[in-house]
Amino acid sequence: MLSERIQGEFNVHINHELYSSYLYLAMAAWCESKGLRGFSHWMRAQSQEESQHVMRFFDFVLDRGGDVELRSIAAPPSAWETPLHLFEAAHSHEIEVSQRINALVDTVLSERDHAANVFLNWFVNEQVEEEATFADVVARLKLVGDDGRGILLIDQELASRAAAAAADASSA
Ligand SMILES: [Fe+2]
Ligand SMILES: [Fe+2]
């Protein structure tokens, strides 16, 4: 059984993962409107991955006998100045998510909920990967600067990202 406090904080986090999915969907739309189909494809896959994060929390709360309470999702921005600005915003967002996961770990440790701690460990590792992945694209966008050909090369590369794997397949 989840404590009231953990249930409340996990429900807030479900909303935040939904916002992540929404944000990357907005980014996918903007990229596509600029002719950057590779960037758009990459952000669509990222949005799906965030939906899978939602479902991990959703299932965990229910498996532990808790209640899922879905709340309104904030509207994400709809425009960015450049692909670099967009990816910098996404990278900052991931850093914020990592901080939120860390705060959740602090909560479950203080409540001595070991199952919740093991559950969150997956997210702790995932966030290391997420931050590194976004930082990598930011670094390459900085390298090419305003060079349109460079941006198109990155666009081609991002087009090859595979769709997000099924949530339970990646949890092994
Ligand atoms: Fe996430
Ligand atoms: Fe993420």
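Residues numbered from 1 in each chain as written. Chains lettered and ligands numbered in written order. Predicted model: local features only at pLDDT ≥ 70, side-chain atom pairs only at ≥ 80, totals over all residues. Heavy atoms only, no water.

Draft legend 1. Geometry of the coordination of the iron ion (ligand 2). For the iron ion (ligand 2), the full set of protein donor atoms is Glu 50 (OE), Glu 94 (OE), Glu 94 (OE) and Glu 130 (OE), and the range of their distances to it is 2.0 to 2.6 Å. Classification of the site at the iron ion (ligand 2) as irregular follows from its 4 donor atoms and the range of 52 to 148° in their angles at the metal. (Donors = N, O, S within 2.8 Å, 3.2 Å for Na, K, Ca; no water. Tetrahedral: all angles 85-135°; square planar, octahedral: opposite > 155°, others 65-115°.)

Draft legend 2. Examining the packing of aromatic side chains more closely. A complete count under the given rule lists 14 aromatic pairs for this structure. Considering the side-chain rings of Phe 10 and Phe 57, the 5.2 Å spacing of their centres and the 75° angle between planes classify their relative orientation as edge-to-face. With Phe 10 in helix α1 (residues 4-33) and Phe 57 in helix α2 (residues 37-63), this residue pair connects regions lying 47 residues apart in the sequence. Accessibility assignment for this pair places Phe 10 and Phe 57 in one class, buried. Phe 10 gets classed as buried once you look at its relative accessible area, which sits at 1%. An aromatic cluster of at least three residues, connected via ring pairs, comprises Phe 10, Phe 57, Phe 60, Phe 119, Trp 122 and Phe 123. Over the aromatic face of Trp 42 sits the side chain of Arg 161, whose NZ or CZ is 4.5 Å from the ring centroid. (Phe/Tyr/Trp six-rings, centres within 6.5 Å; stacked < 30°, edge-to-face > 60°. Helix = DSSP H or I, 4+ residues; strand = E, 2+ residues; numbered from the N terminus. Buried < 20%, exposed > 50% of the residue type's maximum accessible area, 1.4 Å probe, protein only. Lys NZ or Arg CZ within 6 Å of the ring centre and 35° of its normal.)

Draft legend 3. Region of interest: helix α4 (residues 114-144). Taking 1.5 Å per residue, 31 residues should reach 45 Å; α4 reaches 46 Å between its end C-alpha atoms and fits that length. Among all positions of α4, only Ala 116, Asn 117, Phe 119, Leu 120, Phe 123, Glu 126, Gln 127, Glu 130, Phe 134, Val 137, Val 138 and Leu 141 are buried. The inward-facing, buried residues of α4 contact α1, α2, α3 (83-110) and α5 (148-158). The backbone nitrogen of Ala 115 has a side-chain oxygen 3.3 Å away, supplied by the residue at the start of α4, namely Asp 113. Two residues or fewer past α4, Gly 145 is found with a positive phi of approximately 60°. (Expected span 1.5 Å × (residues − 1). Contact = heavy atoms within 4.5 Å. Polar contact = N/O pair within 3.5 Å; in protein donor to acceptor, adjacent residues only side chain to side chain.)

Draft legend 4. Looking closely at the pattern of salt bridges. This structure, assessed with the given rule, holds 12 salt bridges. A salt bridge links Arg 140 to Glu 157, with the nearest nitrogen and oxygen atoms 2.1 Å apart. Note that Arg 140 is positioned in helix α4 and Glu 157 in helix α5, a separation of 17 residues in sequence. The structure contains a network of salt bridges with shared partners spanning Arg 5, Glu 9 and Glu 111. (Salt bridge = Lys/Arg side-chain N within 4 Å of Asp/Glu carboxyl O.)

Draft legend 5. Region of the structure containing the coordination of the iron ion (ligand 1). Protein coordination at the iron ion (ligand 1) comes from Glu 17 (OE), Glu 50 (OE) and His 53 (ND1), with a distance range of 2.1 Å. In the primary structure, the donors to the iron ion (ligand 1) are separated according to the pattern E-x32-E-x2-H. Between the iron ion (ligand 1) and the iron ion (ligand 2) the interatomic distance comes to 3.3 Å, and Glu 50 is a ligand of both metals. With Glu 50 and His 53 both in helix α2 and 3 residues apart, the pair spans about one turn of that helix. Judged on exposure class, the residue Glu 50 and its partner His 53 are both buried.

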